[in-house]
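# Structural features, examined
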Amino acid sequence: MKVMLYEAVEKAPSQELTEPEMIHAYFGRFDENFFQYCDTELRKINTFFAEKLAEASRKHMNLQSDLTVLEDVKIHSGVKRRKIAGLLKKKDDDASDHPVKKSLHDVKLAFSEFYLSLILLQNYQTLNFTGFRKILKKHDKLTHSDRGAHWRQANVETAPFYTNKEVDHLIKEIENLFTMKLEGGNRQKAMKRLRVPPLGEKENPWTTFRIGMFSGIFIILTVVAVITAVYTSDQHYNDWKPALRMYRGMFLVILFVFLLGINTYGWRASGVNHVLIFELDPRNHLTHQQFMEVASFLAVIWCISVLSYLFSHIMQIPVYVHPICLLGFIVLLLINPFPVMYHQSRRWLLKVLFCIFTAPFHYVGFADFWVADQLNSLTTLLLDLEYLVCFYAVEVDWLGSNRRHICGRVTYGVRPLVACLPAWFRFAQCLRRYRDTRLAFPHIVNAGKYSTTFFVVLFSTLYSAYRTQHGDEALQNNVFFYLWIISALISTCYTFAWDIKMDWGLLDRNAGENKWLREEIVYPHKSYYYLAVFEDLILRFSWVLTVSIDEDGVIDAEILKTILASFEVFRRFVWNFFRLENEHLNNCGQFRAVRDISIAPLNANDQALLEQMMDEEDGVTNRRRTGNKPWNQPRRYDCLV
């Protein structure tokens, strides 16, 4: 609209050379087109508002019904609120015929999500009225008339999207219901739960400074460590493999945390509300900056430990003191009970890890299954921790150099069990999900996917044991080698198909113009999805290199394993983007109380910024960046500007 106004003013006849009647007629024709366009946009806004208001009314009725059932259960059963999980059944239209258990916690989360959607709808009303008011005021200023003010009074101020106060009434009713029914009359506690702050947290300049400082130190120390390793290779010729195994796992953790920071930034920037999906404390959770700060800080500590290891002969400190000190520092940092270093986030992680390690004895939430999936990409970390424990318990001789080289072997069966742990966690969670929902698909089928890992580990272990006893000459007669290859192929195809179809929700028949993808997508370019599918396919089959390269002795097995483990962490990093997007759009895991959740709520600073940009000559065309094609984001409350 601002473009139309400025073009009209630029193309207007000169007042010095043209009669006033002609100028008046020119702006009359322009006003006819301009107000016709305004009327079209106003009808769009009214229609969209009516649809969202009807949807909000339907959700409000469903929540009231759930709350009534919840109260009836409490009255007639006499059980505590925390014991009623499973007695309330989900009524979502998208649910299957099987009942889905909903606890008091789920009902509270549903109210919080619904309240946030009402706030967005309220922002939609305010911002669109402000947009009309400002653009019509600019119209009158540029055309030296008051027709814009009259049109606003006659059309905008009487429009349903502006005059309707039902959203305000719903907000007050939800606040009262939540306060009286779910928080026992404690309004302060209720409002703290309901009023979720926006996802666009303001960046802390000191955190940015620390990230830059730690990153610079890490780069310098890394260069020094590489040069030192080259010139001190003679001193560490016989012990570089144990050092690689002991430092590799902690490096993977640092890489994972750094990439998770990028994940968090991507989710927030694209409007994927990971805070509600993970059921995090909306007022106290790690931002992408804080993830990167933790990763860069740990990277510096890791480099210092590596350098201390390399210079241990100069410092006259036993060489194997440094890796165990690094591990001890990280463990103490994680379990530190004092309220420092993101205390609540560490408690949240420990709680989730406890639920994972004790599966299937706990209800499985989205965070539980998601963290367990991350552990499946960090299997090398668990194996390296097992090696470190074995190494310090059996092989390290602090007073001499005689060591028994038994760690890292499959002789005693410990390493195969450790390798199966991540898959077992997810397998047990799937069985628990089946017990709670009675849905054979997808939970039993998903459990079957993780069970294929057991066969891969079994045949790989038998193959390694056979090679140890008979040598490489008997490879052609080793039936376990072929069983390992077959089971690995089945497992890889199974997991890849599940990634694409179930976890990411792609290959949708009703995708429309998003061919081979899904009907609704969040990220701006379809090429992201095609590249992610190709990347997932390639990295899923990266284990083939252990057969083609490792067997020929082209590269050392431990170096190859380090490269492949880093690739797997990167694959999981890409997987996270699309898994959260699918959960955000479709509630595909049925972890949330309602199907759709709000994205990128608008706060006062955002609104003030938008109003300021409305006064600028370029105006505002979208809240978010645009590329060759607008962001196809569902349920976005588009704003007229």
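Conventions and cut-offs
Residues numbered from 1 in each chain as written. Predicted model: local features only at pLDDT ≥ 70, side-chain atom pairs only at ≥ 80, totals over all residues. Heavy atoms only, no water. Helix = DSSP H or I, 4+ residues; strand = E, 2+ residues; numbered from the N terminus. Buried < 20%, exposed > 50% of the residue type's maximum accessible area, 1.4 Å probe, protein only. Areas by Shrake-Rupley, 256 points an atom, 1.4 Å probe, with all protein chains shown as cover. Phe/Tyr/Trp six-rings, centres within 6.5 Å; stacked < 30°, edge-to-face > 60°. Lys NZ or Arg CZ within 6 Å of the ring centre and 35° of its normal. Core = buried A, V, L, I, M, F, W, Y, C linked by side-chain atoms within 4.5 Å. Contact = heavy atoms within 4.5 Å. Axes fitted to C-alpha atoms, helices over the stretch in contact; angles between N-to-C directions. Parallel < 35°, antiparallel > 145°, perpendicular 65-115°, else oblique. Left-handed = near helix turned anticlockwise from the far one by under 90°. Nonpolar A, V, L, I, M, F, W, Y, C, P; charged D, E, K, R; others polar. Expected span 1.5 Å × (residues − 1). Arc of directions from axis to C-beta. Patch = residues over 30% accessible without salt bridge, like charges linked within 9 Å, V, L, I, M, F, W, Y side chains within 5 Å. Salt bridge = Lys/Arg side-chain N within 4 Å of Asp/Glu carboxyl O. Bend = angle between axes of the 7 residues up to and from the residue. pLDDT = per-residue confidence, 0-100.

## Describing the overall build of the protein chain
When its secondary structure is counted, the protein chain shows 23 helices and two strands. Here the protein chain holds 641 residues, and 49% of them are scored as buried. When the accessible surface of the protein chain is summed, it comes to about 33,000 Å², and 61% of that surface belongs to carbon and sulfur atoms.

## Overview of the packing of aromatic side chains
Evaluation of the coordinates by the stated rule reveals 40 aromatic pairs. Considering the side-chain rings of Phe-129 and Tyr-162, the 4.0 Å spacing of their centres and the 10° angle between planes classify their relative orientation as stacked. In this pair, Phe-129 sits in helix H3 (residues 104-143) while Tyr-162 sits in helix H5 (residues 160-163), placing the two residues 33 residues apart along the sequence. Across from the ring centre of Trp-575, 4.5 Å away, lies the NZ or CZ of Arg-572, which sits over that ring.

## Focus: the nonpolar core
Core analysis: the largest hydrophobic core is formed by 76 residues, its most contacted members being Trp-267 and Trp-370. A total of 12 residues in this core trace back to one element, the largest contributor, which is helix H11 (residues 288-310). Dropping the residues within four chain positions of it, Trp-370 is found in contact with Leu-260, Trp-267, Phe-278, Trp-575, Asn-576 and Leu-580. Formed by 45 residues, the second largest nonpolar core is a distinct cluster that contains Tyr-26, Leu-104, Leu-121 and Trp-151.

## Things to note about the environment of Thr-179
Looking at the element boundaries, Thr-179 is found in helix H6 (residues 166-182). Between the C-alpha atom of Thr-179 and that of Ala-190, which follows or precedes it by 11 residues, the distance is 5.2 Å. Excluding residues that lie within four positions of it along the chain, Thr-179 makes contacts with Gly-184, Gly-185, Asn-186, Arg-187 and Ala-190.

## Details of unusual backbone geometry
The amide bond that connects Ala-359 to the next residue, Pro-360, takes the cis arrangement and shows omega of 10°. Checked against the element boundaries, Pro-360 lands in the loop between helix H14 (343-357) and helix H15 (366-376). Positive phi is not limited to glycine here, since Arg-438 has a value of about 60°. Along the chain, the position of Arg-438 falls in the loop between helix H17 (414-437) and helix H18 (440-470).

## Examining the packing of helix H20 (residues 526-540) against helix H22 (residues 557-586)
Where H20 meets H22, the closest approach of the two axes is 10 Å, and the angle between their N-to-C directions is 140°. Here H20 is positioned oblique relative to H22, judged by the angle of their axes. Between H20 and H22 lies a crossing whose hand is left-handed. The segment H20 lies against H22, with Tyr-528, Tyr-529, Ala-532, Glu-535, Asp-536, Leu-539 and Arg-540 engaging Phe-567, Phe-570, Arg-571, Val-574, Phe-578 and Glu-581. A breakdown of the residues in the contact of H20 with H22 according to their chemical character gives eight nonpolar, no polar and five charged.

## Details of helix H13 (residues 321-335)
The end-to-end C-alpha distance of H13 is 21 Å, a good match for the 21 Å that 15 residues give at a rise of 1.5 Å each. Those residues of H13 lying buried are His-322, Pro-323, Leu-326, Leu-327 and Leu-333. Here the buried residues of H13 occupy an arc of 140° about the axis, which is enough to place them on one side.

## Side note on a nonpolar patch on the surface
A cluster of nonpolar side chains, namely Ile-219, Val-223, Val-226, Ile-227, Val-230 and Tyr-231, defines an oily patch on the protein surface of about 630 Å² accessible area. Structurally, Val-226 is set in helix H8 (residues 205-231). Given the relative accessible area of 47%, Val-226 is considered partly exposed.

## Structural notes on the packing of helix H9 (residues 240-270) against H13
Remark: H9 packs on H13, axes separated minimally by 10 Å, with the N-to-C direction vectors making an angle of 25°. Taken together, the axes of H9 and H13 lie roughly parallel to each other. By crossing handedness, the relation of H9 to H13 is classed as left-handed. Facing Met-246, Tyr-247 and Met-250 of H9, the residues of H13 in contact are His-322, Pro-323, Leu-326, Leu-327 and Ile-330.

## Notes on the pattern of salt bridges
A side chain with one charge can pair with a side chain of the opposite charge if their charged atoms come near. If you walk through the whole model with that rule in mind, you get 25 salt bridges. Of the charged contacts, one joins Arg-248 and Glu-558 as a salt bridge, the two residues approaching to 3.1 Å between their closest N and O atoms. With a gap of 310 residues between them, Arg-248 in helix H9 and Glu-558 in helix H22 connect regions that are remote in the sequence. We note that Arg-248, like Glu-558, is buried. Here Arg-540 makes a salt bridge to Asp-499, at a shortest N to O gap of 2.8 Å. Pair noted here: Arg-540 is in helix H20 and Asp-499 is in helix H19 (residues 479-503), with a separation of 41 residues, a long-range link.

## Considering H9
Here H9 spans 43 Å end to end across 31 residues, near enough to the 45 Å set by a 1.5 Å rise per residue. The sharpest bend along H9 measures roughly 30° and falls at Arg-248. Phi turns positive one or two residues past the end of H9, at Gly-271, with a value near 90°.

## Remarks on the environment of Phe-258
The residue Phe-258 is located in helix H9 in this model. For the pair Phe-258 and Phe-573, spaced 315 residues apart in sequence, the C-alpha separation works out to 9.9 Å. Setting aside chain neighbours within four positions, we find Phe-258 in contact with Met-292 and Ala-295.

## Remarks on the environment of Leu-421
Tracing the chain through its elements places Leu-421 in helix H17. Residue Leu-421 is classed as partly exposed on the basis of its relative accessible area, which comes to 32%. Residues Leu-421 and Asn-376, spaced 45 residues apart in sequence, show a C-alpha to C-alpha distance of 8.5 Å.

## Here we look at the confidence of the model for the protein chain
Confidence in the prediction for the protein chain averages 82 pLDDT; 81% of positions are at 70 or higher. Here residues 78-101 scores under 50 on pLDDT; set against residues more than four positions off or in separate chains, the count is 49 contacts. Across residues 592-604, confidence stays below pLDDT 50; counting only partners more than four residues off in sequence or on other chains, it has 60 contacts.

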